[in-house]
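Okay, here's what each chain looks like letter by letter:
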Amino acid sequence: MSADPDIGVVDAVLRGDDEAFEQLVLRYQKPILGLILRMCGDPGEAPDIAQRVFLKAYTKLQTFRRRSSFKTWLYSIAMNLCRNELRRRKRWGYPQQIEETSVGVDPAVEDGLIGNERRQLLADGVELLPPMQKAVLVLRIYQELSFQEIGRTLGISENSAKVNFHYAVRRLREKLKER
Amino acid sequence: MDKMNSERLIELAETAGEISPTAEEQKLLAGDAALRKELEGLTGLFSDLRSLPEEKIDSAAQAAILPAVREGMARIKRRSPLAWIAAKPAFAHLAAVAASVLLVAGIFFLTLPHGSREALPPDFDDPENLALALGISGSDLLHEAAIWEDIDLLPEFQELTDSESASEYLERDTRELMETAANLDDQLFSQLNELLGREGR
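Residues numbered from 1 in each chain as written. Chains lettered and ligands numbered in written order. Predicted model: local features only at pLDDT ≥ 70, side-chain atom pairs only at ≥ 80, totals over all residues. Heavy atoms only, no water.

Visitor: It is not clear to me how the overall build of chain A should be interpreted in this structure. Could you clarify?
Guide: Along chain A, the regular secondary structure elements total eight helices and zero strands. Scored against the burial criterion, the 179 residues of chain A give a buried share of 53%. When contacts within chain A are restricted to residue pairs at least 6 apart in sequence, long-range pairs at least 24 apart make up 63% of them. As displayed, chain A offers around 8400 Å² of accessible surface, 49% of which is attributable to carbon and sulfur atoms. (Helix = DSSP H or I, 4+ residues; strand = E, 2+ residues; numbered from the N terminus. Buried < 20%, exposed > 50% of the residue type's maximum accessible area, 1.4 Å probe, protein only. Contact = heavy atoms within 4.5 Å. Areas by Shrake-Rupley, 256 points an atom, 1.4 Å probe, with all protein chains shown as cover.)

See the structure below:
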């Protein structure tokens, strides 16, 4: 594993330097928000969940044992909180996230690269994936984590991460063929 | 597909050129139109997936994260200084040692002769007694620290918290069972009374 670029800052926080932790927040708030949005949707809730991710990391930092990078560790906290949030919504009968993640018009992608119908089908397909497959897909495609990092983030083996990814892709292709 | 399975095709398509097909695979692709089509389809799928826009976050909401975290950090320290301190491994060990010393001192104190005075029941409003109680919470905190020692345990911890709600149901069920048992007891008791009454007569 290559050297973790965050380890110096993590050490500073552990020595009691709270301002160093703010560096970590600034460094990771965007990818963490992106991850939360892809996993849970709901832009209204995402900043609140992100804030909880950082606070959990702050209080549990001394439990970070450096077997993985700080980034992977932080992502694992984010994935756990997302999972809790999705469970909470399910428990309280929130509407399916699919209604909230309808694909908006993004001029950057509107230049014929991908049709609206296909995009909507894909977006719906991602939402309807089983949770583990969705998590693996999001971490791989949008966070560009290696399968080893994905395994560490989700507490599964590297091979299991690959298998889940494979099934997710297969499902998405089937979804597109339904068209 | 004999020599290129779908897993390999996905790998080639997904890494978008970072991984190139081997010479043998290239030869295979060149001679197999269906395989080429499959690879193109997969490459298109990944490209489309990457181009799916993500929900936009209000920049003000994003900018509010750091102040909120800062405030949360201060709140954590203010509200539970003991938990914060105990969460630090060095302090946790220190707390455990202090708790043990307090416990031993407490036992020693209790074994000393105190004349004929009757021992008073412990008053937990008294800071000294609270300090003794701290011995227990110190070890609990140490236990907590051990649970959280490795983030790999997070999923297990999650399951544990999930099972808390299950245990609530169990508790409820147990209560209901106990109530039923109590009712049965009452019935049994009255039946016995009735029987004994008859016998007495």
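Visitor: Can you help me understand the packing of aromatic side chains in this one?
Guide: What describes a pair of aromatic rings is the distance from one ring centre to the other and the angle between the planes of the rings. Residue and element names in this part refer to chain A. Considering all chains together, one arrives at seven aromatic pairs over all chains under this definition. An angle of 65° between the planes, with centres 5.4 Å apart, marks the rings of Phe147 and Phe165 as edge-to-face. In this pair, Phe147 is assigned in helix α7 (residues 147-154) and Phe165 in helix α8 (residues 158-177), connecting sequence segments 18 residues apart. Each member of the pair Phe147 and Phe165 is classed as buried. Grouped by ring-pair contacts, the aromatic residues Tyr28, Phe64, Phe70 and Trp73 constitute a single cluster. One residue, Arg38, lies across the ring of Tyr142, its end atom 3.6 Å from the ring centre. The side chain of Arg140 reaches across the aromatic face of Phe147, ending 4.6 Å from its centre. (Phe/Tyr/Trp six-rings, centres within 6.5 Å; stacked < 30°, edge-to-face > 60°. Lys NZ or Arg CZ within 6 Å of the ring centre and 35° of its normal.)

Visitor: Is there a simple way to think about the pattern of salt bridges in this case?
Guide: Two side chains that carry opposite charge are able to pair once their charged atoms sit near each other. According to the stated counting rule, one finds 17 salt bridges over all chains in the structure shown. Between Glu127(A) and Lys134(A) there is a salt bridge, with the nearest N and O atoms lying 3.1 Å from each other. Given the relative accessible area of 18%, Glu127(A) is considered buried. A salt bridge links Arg140(A) to Glu14(B); the shortest N-O distance between them is 2.5 Å. With one member in each of two chains, Arg140(A) in helix α6 (residues 131-142) and Glu14(B) in helix α1 (residues 6-14) form a pair that bridges those chains. (Salt bridge = Lys/Arg side-chain N within 4 Å of Asp/Glu carboxyl O.)

Visitor: Just checking my understanding: could you explain the packing of α7(A) against α8(A) for this structure?
Guide: For any two helices packed against each other, one specifies the crossing angle of their axes together with the interaxial distance. All names here are of chain A. One can describe the packing of α7 onto α8 by two numbers: an axis separation of 8 Å at closest approach and a directional angle of 100°. Classed by the angle they form, the pair α7 and α8 counts as roughly perpendicular. Taken together, the residues of α8 that come into contact with α7 (itself represented by Phe147, Gln148, Ile150 and Gly151) are Glu158, Ala161, Lys162 and Phe165. Across the contact of α7 with α8, the residue classes tally to four nonpolar, two polar and two charged. (Axes fitted to C-alpha atoms, helices over the stretch in contact; angles between N-to-C directions. Parallel < 35°, antiparallel > 145°, perpendicular 65-115°, else oblique. Nonpolar A, V, L, I, M, F, W, Y, C, P; charged D, E, K, R; others polar.)

Visitor: Whenever I open this one, unusual backbone geometry confuses me. Can you help?
Guide: Phi is mostly negative for residues that are not glycine, and the peptide bonds are mostly trans. All names here are of chain A. Positive phi values are uncommon outside glycine, yet Asp42 reaches one of about 55°. A positive phi angle, near 65°, is found at Arg66, a position not held by glycine. Within the element layout of this structure, Arg66 appears in the loop between α3 (46-60) and α4 (70-91). Owing to a relative accessible area of 35%, Arg66 belongs among the partly exposed residues under this scheme.

Visitor: I'm lost on the nonpolar core in this one. Help?
Guide: Soluble globular proteins: nonpolar side chains tend toward being buried together. Counting residues in hydrophobic clusters, the biggest one holds 76 residues, and the most contacted among them are Phe21(A), Ile32(A) and Leu49(B). Looking at this core, the element that brings in the most residues is helix α2 (residues 18-40) of chain A, giving 12 residues. Apart from residues no more than four positions distant in its own chain, Phe21(A) is found in contact with Val13(A), Phe54(A), Ala57(A), Tyr58(A), Val69(B) and Met73(B). (Core = buried A, V, L, I, M, F, W, Y, C linked by side-chain atoms within 4.5 Å.)

Visitor: Whenever I open this one, the environment of Asp6(A) confuses me. Can you help?
Guide: Residue and element names in this part refer to chain A. With respect to the helices and strands, the residue Asp6 is situated in the segment before α1 (7-14). For Asp6 and Phe70, which are 64 residues apart along the polypeptide, the C-alpha to C-alpha distance reads 6.4 Å. Filtering out sequence-adjacent residues up to four positions away, Asp6 remains in contact with Leu24, Arg27, Tyr28, Phe70 and Lys71. At a separation of 2.3 Å, a polar atom in the side chain of Asp6 contacts the side chain of Arg27. (Polar contact = N/O pair within 3.5 Å; in protein donor to acceptor, adjacent residues only side chain to side chain.)

Visitor: Got a minute to help me understand the packing of α2(A) against α3(A) in this structure?
Guide: Residue and element names in this part refer to chain A. It is at 8 Å that the axes of α2 and α3 come closest, and there the two elements cross at 135°. On the basis of the axis angle, α2 is oblique to α3. Once α2 is placed against α3, the crossing between them reads as right-handed. Residues Asp18, Phe21, Leu24, Val25, Tyr28, Gln29, Ile32, Leu33, Ile36, Leu37 and Cys40 of α2 lie in contact with α3, whose contacting residues are Ala46, Pro47, Ile49, Ala50, Val53, Phe54, Ala57 and Tyr58. By residue class, the composition of the contact of α2 with α3 is 17 nonpolar, one polar and one charged. (Left-handed = near helix turned anticlockwise from the far one by under 90°.)

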